[in-house]
Amino acid sequence: MKDVASAPIAALLLILAAPAAAEEAPAQQTAQEPAATGPALGTDLFFSTDGDHTDVLRIGADFDLRYSGPEDYLGLRLEKAWFDPLGQGVRGRERAYLRAADSFAGGAWKWSLRIGTDGHTVLGAAALHNEAALRQEYFIEREIVETPQGLERGIYYTFAGAAIDLPADERNVFTVFGGVQPFTGDNVRFHLRANFVHVVKPEWGLSAQLRTRYFANTEPGEFDYYSPRWYAQLLPVVQVRRFDRGWRYLLAAGLGVQRDSQTGWRRSSYFNAQGTSPERRGWAVQAALLYSETPTTAGLSYDYLQVTVGLRRGF
């Protein structure tokens, strides 16, 4: 089964892994008119599957009283989730959230919040970041562990961390990230990441990246999620990010190595594709696909696929 921290916060960690400061001049970027503020309805679908036959399907509906863009909204979110860990049978969960996003300090700082419950405990996420050259980002999330024991026994984690961009010059940026992740029980996981981004062709939106990752567990193997004493990954990535008539495209691919305290070095591959449309007559759509090789409980590599599709209608 997968590293349980990866799927629920994949989008956030992808943002942390691809610093914005080194890509301030993406190819063919077109200025857009500010979106009108008003109510909006949205729906999205998240699906993931892996080599251990663990499937997750989440369908959400957003009801926004105020929406003027992905960084400025206020509303409610209802979500239905189906978990099928290790092919042992589907377990359904319902969640309800308050969601909001805005900015302060003249737009220098932006925040987002999604807080709610599954009827058993508080769930959700919150993030805060600035737009300075030394870009800072802080986040916290609480979610259930998507394994048989996690669903049956109510095992949750809370993941909090911070990242900062350290630009060397206009084309080179270092990013450092640290986080702590306590789980239900005694285990606490400590995360460290360090990434380097070099912009190869600003006019193409092309960058070359080196992503490194390390975490350690205080109580390895406590339950049935992947928790070796330590894990490390080294992943070179090539990324293209382009803007064309309001559309945003991103393609990234990497091939590297990974290992943990139980096994030696082995292959780690990665592919990410994203597309986001501009708003047309109140409609906007976005889609993303993520593929990776990540470790199993036994320390082996396997395929992990994640697909996200979203649709929004403003009024």
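The numbers attached to residues start from 1 for each chain and follow its sequence in the written order. Where totals are concerned, whole chains, interfaces and linings use all residues; where local detail is concerned, this predicted model gives features only for residues with pLDDT of at least 70, and gives and counts side-chain atom pairs only at 80 or more. Heavy atoms throughout the structure, all of them, feed into the side-chain values; hydrogens and water do not.

Caption draft 1: View of the overall build of the protein chain. Only DSSP runs of H or I with at least four residues qualify as helices, and only runs of E with at least two residues qualify as strands; both kinds are numbered from the N terminus onward. From N to C terminus, the protein chain includes 2 helices and 16 strands. Counting every position in the protein chain, which comprises 315 residues, the buried fraction comes to 47%. Partitioning the intrachain contacts of the protein chain with sequence separation of at least 6 by distance along the chain shows that 51% fall at a separation of at least 24. Accessible surface, the protein chain: about 14700 Å² in total, of which carbon and sulfur atoms supply 62%. Buried residues are those whose accessible area, probed at 1.4 Å on protein chains only, stays under 20% of the maximum for their type, while exposed residues exceed 50% and partly exposed ones sit between those limits. We call two residues contacting when some pair of their heavy atoms lies within 4.5 Å. Per-residue and other accessible areas follow the Shrake-Rupley method at a 1.4 Å probe size, with only the shown protein chains counted as cover for residues.

Caption draft 2: Structural context of the side chain of Ser227. Along the polypeptide, Ser227 turns up in the loop between strand S11 (206-217) and strand S12 (230-244). The exposure class assigned to Ser227 is buried, which follows from its relative accessible area of 6%. As used in this structure description, the phrase polar contact means that two N or O atoms lie within 3.5 Å; if the pair is within protein, one of them must be able to donate a hydrogen and the other to accept it, and residues adjacent in sequence are counted only when both atoms belong to side chains. Side-chain polar atoms of Ser227 contact the backbone nitrogen of Gly221, separated by 2.8 Å. Ignoring any residue separated from it by four or fewer positions in sequence, one finds Ser227 in contact with Asn187, Arg189, Asn217, Pro220, Gly221 and Glu222.

Caption draft 3: Fine view of the pattern of salt bridges. Think of a salt bridge as a Lys or Arg side-chain nitrogen and an Asp or Glu carboxyl oxygen that are within 4 Å of each other. Scanning the entire structure with this criterion turns up 22 salt bridges. Between Arg58 and Glu79 there is a salt bridge; the shortest N-O distance is 4.0 Å. With a gap of 21 residues between them, Arg58 in strand S2 (residues 55-69) and Glu79 in strand S3 (residues 72-84) connect regions that are remote in the sequence. Both residues of the pair, Arg58 and Glu79, belong to the buried class.

Caption draft 4: Layout of unusual backbone geometry. Despite not being glycine, His53 shows a phi value in the positive range, around 65°. Take His53: it is sitting in the loop between strand S1 (38-50) and S2. The residue Leu86 is not glycine, and still its phi comes out positive at about 55°. Following the sequence through the fold, Leu86 ends up in the loop between S3 and strand S4 (91-104).

Caption draft 5: A look at the packing of aromatic side chains. Aromatic pairing here means that ring centres of Phe, Tyr or Trp (its six-membered ring) are within 6.5 Å. Orientation follows from the plane angle: under 30 degrees is stacked, over 60 is edge-to-face, and everything else is tilted. All told, the structure shown has 11 aromatic pairs when counted by the stated rule. Seen from their ring centres, Phe139 and Phe177 are 6.0 Å apart, and the 10° between their planes marks the pair as stacked. Highlighted residues: Phe139 in strand S7 (residues 136-144) and Phe177 in strand S9 (residues 172-182), separated in sequence by 38 residues. You can call Phe139 buried: its relative accessible area is 5%. Assessed through its relative accessible area of 4%, Phe177 is described here as buried. With a centroid separation of 6.2 Å and an interplanar angle of 10°, the aromatic rings of Trp247 and Tyr249 are classed as stacked. Its relative accessible area of 34% is what places Trp247 among the partly exposed residues. Overall, Tyr249 belongs to the partly exposed group, its relative accessible area being 39%. Two conditions define a charge located above a ring, namely a distance within 6 Å from the ring centre to NZ of Lys or CZ of Arg, and an angle within 35 degrees of the ring normal. Directly above the ring of Tyr73 sits Arg99, whose terminal nitrogen or CZ lies 3.9 Å from the centroid.

Caption draft 6: Spotlight on the confidence of the model for the protein chain. Residue-level confidence of the predictor is summarised by pLDDT, bounded by 0 at the bottom and 100 at the top. In the predicted model, the protein chain carries a mean pLDDT of 89, and 87% of its residues have values of at least 70. The weakest mean pLDDT in the protein chain belongs to helix H1 (residues 10-17) at 45; the strongest belongs to S11 at 98. Contacts of residues 5-26 to residues separated by more than four positions or lying in other chains number 62 contacts, the stretch itself having pLDDT below 50. Confidence drops under a pLDDT of 50 for residues 28-33, and excluding neighbours within four residues, the segment shows 9 contacts in the predicted structure.

Caption draft 7: Representation of the side chain of Asp62. Along the chain, Asp62 falls in strand S2. Judged by its relative accessible area of 3%, Asp62 falls in the buried class. Here Arg77 takes part through its side chain, which lies 2.9 Å from a polar atom of the side chain of Asp62. Setting aside anything within four residues of it in sequence, one finds Asp62 in contact with Ala40, Leu41, Gly42, Asp44, Leu76, Arg77, Arg99 and Arg312.

Caption draft 8: Just the environment of Trp283, in detail. As for its position among the elements, Trp283 is in strand S15 (residues 283-295). Between the C-alpha atoms of Trp283 and Arg313, which are 30 residues apart in sequence, the distance is 4.6 Å. What Trp283 contacts, discounting residues up to four positions off in sequence, is Pro278, Leu311, Arg312 and Arg313.

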